[in-house]
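What follows is the residue order along each chain.
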Amino acid sequence: MRRQVFSLNRSIHRSMVIMLMTGSLLGSGPAALASQSALTPSQNPAQATAAPSATLGQAMGANLAELPQFGQNFSTFRLENGMQVVVIPDHRAPVVTHMVWYKAGAADEKPGISGIAHFLEHLMFKGTKAHPDGEFSKIVASLGGEENAFTTQDYTAYYQRVAKQHLGLMMELEADRMANLQLTDEQVKPELKVILEERAMRIDSNPSALLSESLDAALYRNHPYGIPVIGWEHEMEQLDRQDAIDWYNEYYTPNNAILIVAGDISEDEVRDLAQKTYGKVERRAEPEARIRPHEPPQRTARSLTFTDERVNQASVRQAYGTPSDSTAENGEAQALDLLGYILGSGTNSRLYKTLVIDNKIATSAGAYYQGTGLDDTRMLFYGTPAADHTVGDVLAGIRTEIDKIIKDGVSEEEVARAKRSLLAQTFYAQDNQAALARIVGTALSTGQSLDELRKWPEHLAEVTPEQIKAVADKYLQAHRSVTGYLLPPGASITPSSAQGDKKCSDVDQAIPKAREMSYPKDPPRASQKVPNPQARPQGQPKPKPQAEGTPSAANDKAAPSSATAE
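The rules behind each value
Residues numbered from 1 in each chain as written. Predicted model: local features only at pLDDT ≥ 70, side-chain atom pairs only at ≥ 80, totals over all residues. Heavy atoms only, no water. Salt bridge = Lys/Arg side-chain N within 4 Å of Asp/Glu carboxyl O. Helix = DSSP H or I, 4+ residues; strand = E, 2+ residues; numbered from the N terminus. Buried < 20%, exposed > 50% of the residue type's maximum accessible area, 1.4 Å probe, protein only. Contact = heavy atoms within 4.5 Å. Polar contact = N/O pair within 3.5 Å; in protein donor to acceptor, adjacent residues only side chain to side chain. Core = buried A, V, L, I, M, F, W, Y, C linked by side-chain atoms within 4.5 Å. Expected span 1.5 Å × (residues − 1).

### A word on the pattern of salt bridges
So, point 1. Per the counting criterion, the structure on display carries 25 salt bridges.
So, point 2. E191 serves as the salt-bridge partner of K126, at 2.9 Å between the closest nitrogen and oxygen. Separated by 65 residues along the polypeptide, K126 in the loop between α5 (116-123) and α6 (135-142) and E191 in helix α8 (residues 185-204) bring together distant segments of the chain.
So, point 3. R199 is the salt-bridge partner of E213, the closest N and O atoms lying 2.8 Å from each other. With E213 in helix α9 (residues 207-219) and R199 in helix α8, this pair connects stretches of sequence that are 14 residues apart.
So, point 4. Classification of E213 as buried rests on a relative accessible area of 6%.

### So, the environment of T253
So, point 1. Residue placement: T253 occurs in the loop between α11 (241-251) and β6 (257-263).
So, point 2. For the pair T253 and A285, spaced 32 residues apart in sequence, the C-alpha separation works out to 6.3 Å.
So, point 3. Not counting chain neighbours up to four residues away, the residues in contact with T253 comprise Y102, E282, R283, R284, A285 and P287.
So, point 4. There is a polar contact of 2.5 Å between the side chain of T253 and the side chain of N255.

### Quick word on the nonpolar core
So, point 1. In this structure, L120, Y252, L259 and Y278 are the most contacted members of the largest nonpolar core, which totals 74 residues.
So, point 2. Here Y278 is in contact with L79, N81, M83, H98, V100, M170, M171, E174, A175, M178 and L259, once residues within four sequence places are set aside.
So, point 3. V356, I398, A443 and W456 belong to the second largest nonpolar core, which has 68 residues in total.

### So, helix α17 (residues 433-445)
So, point 1. The first and last C-alpha atoms of α17 sit 18 Å apart over 13 residues, in line with the 18 Å expected at 1.5 Å per residue.
So, point 2. Within α17, 13 of the 13 residues are buried, leaving the element largely enclosed by the surrounding structure.
So, point 3. Just beyond α17, the residue with positive phi is G447, at close to 95°.

### Considering unusual backbone geometry
So, point 1. Phi angles above zero are rare outside glycine, and K360 is one such case at about 55°.
So, point 2. Counting through the fold element by element, K360 comes out in the loop between α14 (350-358) and β9 (362-370).
So, point 3. Relative accessible area serves as the criterion here: at 54%, K360 is assigned to the exposed category.
So, point 4. Although it is not a glycine, D388 sits at a positive phi angle of roughly 70°.
So, point 5. Mapping D388 onto the fold places it in the loop between β10 (377-385) and α15 (391-408).
So, point 6. Accessibility expressed as a relative area gives 73% for D388, which makes it exposed.

Structural data, given as C-alpha cells:
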C-alpha cells in the first residue's frame, strides 16, 4: 500500500486483535455481564446493543441456555463469475465497510519466492490504466474514507470504509484493479526496496521478532507456515515484476475472492452494485485446491535460544502444535479455546495467579490458542521472570500448571467463567461492523462456512470439562513442544536454586539443551520509509480475548507476528 499516505498493521494470529471491550470483560465476571446489553433471538444485533437488560447475563448463566444469536442477519450469494458476496447489515450510521479477500496467502507460495503474496499487496496500489499510480488512495482520502490491506499465511485482504453513498465507487475501483493491474519495472523495483526495509525494521532490528520467526521455523519444519509472511530476505531480494504478475494472474480472479460489505446497506443494494462492477470481471484462472504438506508427528522437544545485546529483559515462549478451527475434530477447537483462556488469559488465569501473584516467579505469564488457520496451528505459552528468577523457573511453573490440568482437569466453575467471557466478546463484536467484516472474511478464507461461524457460540457452550482435559492431554505433551528463549548477555536458563530440585526436574523433562542462535555479525539495515506496523487492524475468524501482555517483556511488545505482514 502507499506507505506515504496510510499506516497499516497486520496479524494475526489470534494474535491478529479485534478492537473489542476485552479489557473490562476479562476481569468483570457474571455480575458485570448481567448489566450489559441484551441480545435476544428476536432483536437485530445493531439494535440489541442499545437495550440494557439482564437477559444476556441470564442467557450466559449457569447453563448457558437460550444463547443470543450471532450473525443471523448475515446473508450470502454468488455472482455468475464465482465471486462470493457476504452482506452484514448495520443501519446505525450511514457508513459501510467494503472488503475484498483473496484466498491466497504466503503459505500458498511456491518454493523460492517467499514474500511474493505480501509484495503483490504493495504493488496492487500501483494503479491501472483507468486509475494510474496513486489515484486509488487519493480518491479514498478525498472522500474522507479509510483504506487498508494486509497479508497473512492464508489470505490477502483489501479494505475501505466510507460513507454509504460511495460504496459503488469503491466497488468500481476494486474491481478495476482486480482485472486491470498494470506494473512496470520502474514501479516494481523501488517497492522491492520498501519491503526489504520493512523486513529490516520489523524483523531484523527486533530480537523478539527474530525469535518468533525462528520459533515458527522450528515448529513447522515441513509445512509452509514455518516461512515468514514477509519472506526470507535472500528470496525477497530476487523477486521481480514477472513473479508479481504470475501471482496476480493465478490468484486474483473473482472465483477466488470474497466480497464482504458491512454497514448501512441491504442485500438487494449490494447485489445490484456488485453485479454492475465485480460481475463484469471475467474469471481468468482456476486456482488449485490448497493442499499443503503436513507436519510429521513430533516425537522430541525442540528448543532454541537467542542471546542479543539489544534484549533488556529475558523471556520464554513455548509452542505446541494443535489443530485449527478448520482442521479440528468436533469440539476440539472450542475446547482448546477454553483451555487457553483458563490457563493463560488475563489476571484470573491459572498461570497469572500461580506464577505472578502467588509464587512471584514471573512478572507476567499467559497463554493463548491461535485457532485461525486453514491448516493445523498452535497454542503458545509465554512468561517473563521476576527478579532473582530465571526463564527456567517460569518454564517449570508453566509446565506444572499444564500437568495439573492433564492430571486433574478443570472445574465446572472455571469452564463456565471462560465460556461467559468468550461468548460475551463474541456477541459484543456485533457492535463493530469492521470487526464483523474481518471475523467473517477470515473464517471464510480459512475453510469455514457462514453457518459454522453462526453456530460457534452454541458449540462453545456445549464443551465439557472432560473435553478440555482431553485436549490438554492430547496436545500439550512435553515432547510436542518447541521452546524459545530470549536472553540478554549473561542470562541463565537454568532454574534458580530457590526453586528447588523439583523445578529443575520439570525443566529437564520438558526442554532439551537449547541451541544457541548466533548474533548477527553486521548491524541490521536501517529503514526510514516504513511506518509503524502496529497501526493496521488484524483479521480473526471470531473474537477471542487477547492474552494480557502478549508478549509481556518490554523488548517483546513491539514484536510483530510472523503470521501477518503489511
